[in-house]
Amino acid sequence: MVGPGRPKFVLFGSSIVQFSYSDNGWAAILSHVYSRQADIILRGYAGWNSRRALQVLHQVFPKDDAVQPALVIVYFGGNDSIHPHPSGLGPHVPLPEYIHNMKKIAIHLKNLSEKTRLIFLTAPPVNEQVVRERFNVVRTNERCRLYSEACLEVCREMNIKAIDLWTATQKIPDWMNVCFTDGMHYSSEGSKIVAEEILKVIQQADWEPTLDSKHMPIEFAHYDPVF
């Protein structure tokens, strides 16, 4: 541990979280914005789905930790939405189970602390052809939409802030080629959208204390710079 203690923002999810520092990713953008105000902590696991996340939830977020996150940003759904493999193997999770898993994740995180805030990110769209060629899996925008809408509905029911990446991404001209490095992982341009949406939600939230970087204290703000 190093000090002084700062608020902790934990990013929990699959590869879109694990790779979020690459290619000027959205975690890198958040780290820059909060460079003297909060610690951005990655808990990203490529290939994971909501089922696997639920299995380790208590290890990643122990309830008895003395210091709990100020903010947890959760992303699962893309891998869950992949078409089921005939063998029964693979990351696919049926939609009803995905909904159940996301509710369980939300309940656990909500119970960490009265001041732990949550933002859930939905499954984004994909460039179907590129994904099929690069990864040899069937992941369609229609299924991404279904899982995205399910995530939004869970958030509405549980009063959780949500970001509809499926819709936000498709507002960018030529999004299929501009927003991804490989058909489904965000490029620097795509990551700008994710970061902008996250910062917008934080700025508009009526959280106390605020997590808006414009109104948070700056560490050692009154020290004279040393050159």
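Scroll up to find the structure.
The structure contained in this document is the topic of the report that follows. Keep in mind it's a predicted model, so treat the numbers as computed, not measured.

### Concerning the environment of K200
Thought 1: Inspection of the secondary structure assignment puts K200 in helix α9 (residues 188-204).
Thought 2: For K200 and I163, which are 37 residues apart along the polypeptide, the C-alpha to C-alpha distance reads 9.8 Å.

### Section: the packing of helix α2 (residues 26-33) against α9
Thought 1: Relative orientation of the contacting elements α2 and α9 amounts to 45°, with a least axis distance of 8 Å. In terms of orientation, α2 lies oblique with respect to α9. When you trace α2 past α9, the crossing you get is right-handed. Where α2 approaches α9, its residues W26, I29, L30 and V33 are matched on the opposing element by S191, K192, V194, A195, I198 and L199.
Thought 2: When the residues that make up the contact of α2 with α9 are grouped by side-chain class, the tally is eight nonpolar, one polar and one charged.

### What to know about the packing of helix α3 (residues 50-60) against helix α4 (residues 95-110)
Thought 1: The N-to-C vectors of α3 and α4 enclose an angle of 25°; their axes lie 9 Å apart at closest approach. Taken together, the axes of α3 and α4 lie roughly parallel to each other. Between α3 and α4 the crossing geometry is left-handed. For the pair α3 and α4, the contacting residues are S50, R51, A53, L54, L57 and H58 in the first and E97, Y98, N101, M102, K104, I105 and H108 in the second.
Thought 2: Looking at the contact of α3 with α4 residue by residue, the class counts come to six nonpolar, four polar and three charged.

### What to know about α4
Thought 1: Between its terminal C-alpha atoms α4 stretches 22 Å, which fits the 22 Å expected from 16 residues at 1.5 Å a residue.
Thought 2: Of the surrounding secondary structure, the elements contacted by the buried residues of α4 are α3, β3 (71-75), β4 (117-121) and α6 (141-158).

### A word on the nonpolar core
Thought 1: Counting 34 residues, the largest nonpolar core has W26, I73, I119, L121 and I198 as its most contacted members.
Thought 2: If near-sequence neighbours (up to four positions away) are discounted, I73 is found in contact with V10, L11, F12, W26, L30, I119, L121 and I198.

### Re the side chain of S50
Thought 1: Position of S50 among the secondary structure elements: in helix α3.
Thought 2: When neighbours within four sequence positions are excluded, S50 is seen to be in contact with F76, D80, V93, Y98, N101, M102 and I105.

What counts and how
Residues numbered from 1 in each chain as written. Predicted model: local features only at pLDDT ≥ 70, side-chain atom pairs only at ≥ 80, totals over all residues. Heavy atoms only, no water. Helix = DSSP H or I, 4+ residues; strand = E, 2+ residues; numbered from the N terminus. Axes fitted to C-alpha atoms, helices over the stretch in contact; angles between N-to-C directions. Parallel < 35°, antiparallel > 145°, perpendicular 65-115°, else oblique. Left-handed = near helix turned anticlockwise from the far one by under 90°. Contact = heavy atoms within 4.5 Å. Nonpolar A, V, L, I, M, F, W, Y, C, P; charged D, E, K, R; others polar. Expected span 1.5 Å × (residues − 1). Core = buried A, V, L, I, M, F, W, Y, C linked by side-chain atoms within 4.5 Å. Buried < 20%, exposed > 50% of the residue type's maximum accessible area, 1.4 Å probe, protein only.

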